[in-house]
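# Structural overview for review
The residues making up each chain are set out below.
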Amino acid sequence: MPRLKAKQVWLLAASMGGPQAVKAFLDMLPNGLPVGFIYAQHIDPHFERSLPQAVGRHSEWPVRLFSEHPCVREGEVVIAPIQHELRFSNDGCMHALETPWDGPYSPSIEQMMCSLAQHYGQNCGVIVFSGMGSDGSISGPLMVEAGGVIWAQDDKTCACPSQPDAMRATGCVSFTGNPFDLANRLVTYINNNLQATAA
């Protein structure tokens, strides 16, 4: 059965220690949720093709490279390309530009958050996992203003907590927890939204 284009899209943002945390999150997440993910991981381009196996094994969520399909579909995780900036078109598909990401990090979590907020508004969210630096923290207020939500991994379970800490410092993070807590929270959040829409 063909996968539907996701109407709700969440960004999984990570750097150092991210693959282990994202894998733990996906391992706990049941399939069948009407949501799609974009996974932005700061990593050497040589390791980009190994990410789907690294984070997707044992998970009910298929993890794939952006080059395999341009749209974010329900029930899957799309890895943001390391070397090419992504933009959303009006039909919800993503396009890789010839230009690299702006700034010191690739992919740029700042740019991904801005694009998500502009395109999906209240139908998007961000989960900031383990990582170095502060990529994404400038765009945090824009995401919240657009109606999106931001959650972050707790310090105790992070290999490097500086990235989630930087986001928490903006005051935009509405929930903090370990990967298991974050998965449970997402299931509850989506189910509550579905009930509110049906009411």
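Residues take numbers from 1 onward in each chain, read along the sequence in its written order. Only residues with pLDDT of at least 70 get local features here, since the model is predicted, and only at 80 or more are side-chain atom pairs given and counted; chain-wide, interface and lining totals rely on the full set of residues. Think of the side-chain values as coming from all heavy atoms in the structure, minus any hydrogens and water.

It is worth spelling out helix α3 (residues 109-120) at this point. Between its first and last C-alpha atoms α3 spans 16 Å; for twelve residues at 1.5 Å apiece the expected length is 16 Å, and the two agree. Think of it in three bands: with a 1.4 Å probe and only protein chains considered, a residue is buried below 20% of the maximum accessible area for its type, exposed above 50%, and partly exposed in between. Counting from the N terminus, the helices are DSSP H or I runs at least four residues long and the strands are E runs at least two residues long. Among the twelve residues of α3, nine are classified as buried, and the element is accordingly described as predominantly covered. Restricting attention to buried positions, one finds in α3 the residues Ile109, Glu110, Gln111, Met112, Met113, Ser115, Leu116, Ala117 and Tyr120. Looking one or two places after α3, you find Gly121, whose phi comes out positive at around 55°. By this rule, a helix spans an expected 1.5 Å times one less than how many residues it contains.

So, about the state of the cysteines. Pairs of cysteine sulfur atoms within 2.5 Å are what we label disulfides. In total, this model carries one disulfide according to the counting rule given. In this model Cys71 forms its disulfide with Cys93; the gap between the sulfur atoms is 2.0 Å. With a gap of 22 residues between them, Cys71 in the loop between β3 (63-65) and β4 (77-79) and Cys93 in the loop between β5 (86-88) and β6 (94-96) connect regions that are remote in the sequence. Neither Cys71 nor Cys93 differs from the other in exposure class; each is buried.

Method remark: on a 1 Å grid restricted to protein atoms, a set of points is classed as a cavity if a 1.4 Å probe fits but cannot get out and as a pocket if it is open with protein on both sides within 12 Å along at least five of seven lines; lining residues have an atom within 4 Å of a point. Grid points are joined across faces, edges and corners, and a volume is the space filled by probe spheres set on the points. Estimates place the volume of the largest pocket at around 270 Å³. Each residue gets one of three labels, nonpolar for Ala, Val, Leu, Ile, Met, Phe, Trp, Tyr, Cys and Pro, charged for Asp, Glu, Lys and Arg, and polar for the others, Gly among them. Taken together, the residues that form the lining of the largest pocket break down as three nonpolar, five polar and two charged. In this structure, the second largest pocket occupies an estimated 210 Å³ of space. Taken together, Pro45, Glu48, Arg49, Leu65, Phe66, Ser67, Ile79, Pro81, Ile82, Gln83, His84 and Ala96 make up the full set of residues lining the second largest pocket. The class makeup of the residues in the lining of the second largest pocket is seven nonpolar, three polar and two charged.

Time to look at the sheet that holds β4. Ordered by their spatial adjacency, seven strands build an open sheet running β3-β4-β2-β1-β7-β8-β9, and the pairing between neighbours is parallel. Each edge of the sheet is formed by a strand with only one pairing partner; in this case those strands are β3 and β9 (173-177). Across the sheet, the mean angle from the axis of one strand to that of its neighbour is 25°, orientation sign disregarded. Pairing between strands is defined by DSSP: at least two bridges between them are needed. Of the strand pairs in this sheet, strand β2 (residues 36-41) and β4 are connected by three bridges, and their pairing is parallel. Bridge assignment links Phe37 to a residue of β4, and that residue is Val77. Sheet strands in contact with helix α1 (residues 18-28) are β1 (9-14), β2, β3, β4, β7 (124-128) and β8 (149-153), and its direction is about 165° off that of β2. This element, helix α5 (residues 162-169), spans β1, β7, β8 and β9 of the sheet and lies at about 140° to β8. For helices, the axis comes from a line fit to the C-alpha atoms of the stretch in contact; other axes are also lines fit to C-alpha atoms, and the angle between any two N-to-C directions lies between 0 and 180 degrees. In this description, contact between two residues means that some pair of their heavy atoms is separated by no more than 4.5 Å.

The next point concerns the pairing of β2. Burial within β2 is extensive, with six of its six residues counted as buried. Both faces of β2 are covered, namely the face carrying Gly36, Ile38 and Ala40 and the face carrying Phe37, Tyr39 and Gln41. Of the strand pairs in this sheet, β1 and β2 are connected by six bridges, and their pairing is parallel. Bridged to Trp10 within β2 is Phe37. Regarding the hand of the β-α-β motif, the stretch spanning β1, α1 and β2 is right-handed. Note on handedness: a clockwise path from strand one over the helix to strand two, with the strands aimed away from the viewer, defines a right-handed crossover.

Okay, the pattern of salt bridges next. Each salt bridge in this description consists of a side-chain nitrogen of Lys or Arg and a carboxyl oxygen of Asp or Glu lying within 4 Å of one another. Per the counting criterion, the structure on display carries six salt bridges. The shortest N-O distance in the salt bridge between Asp27 and Lys23 comes to 2.6 Å. Of this pair, Asp27 and Lys23 both sit in helix α1, four residues apart, roughly one helical turn. Classification of Asp27 as partly exposed rests on a relative accessible area of 30%. The exposure class assigned to Lys23 is buried, which follows from its relative accessible area of 13%. Linked through salt bridges whose partners overlap, the residues forming this network are Arg64, Arg73 and Glu76.

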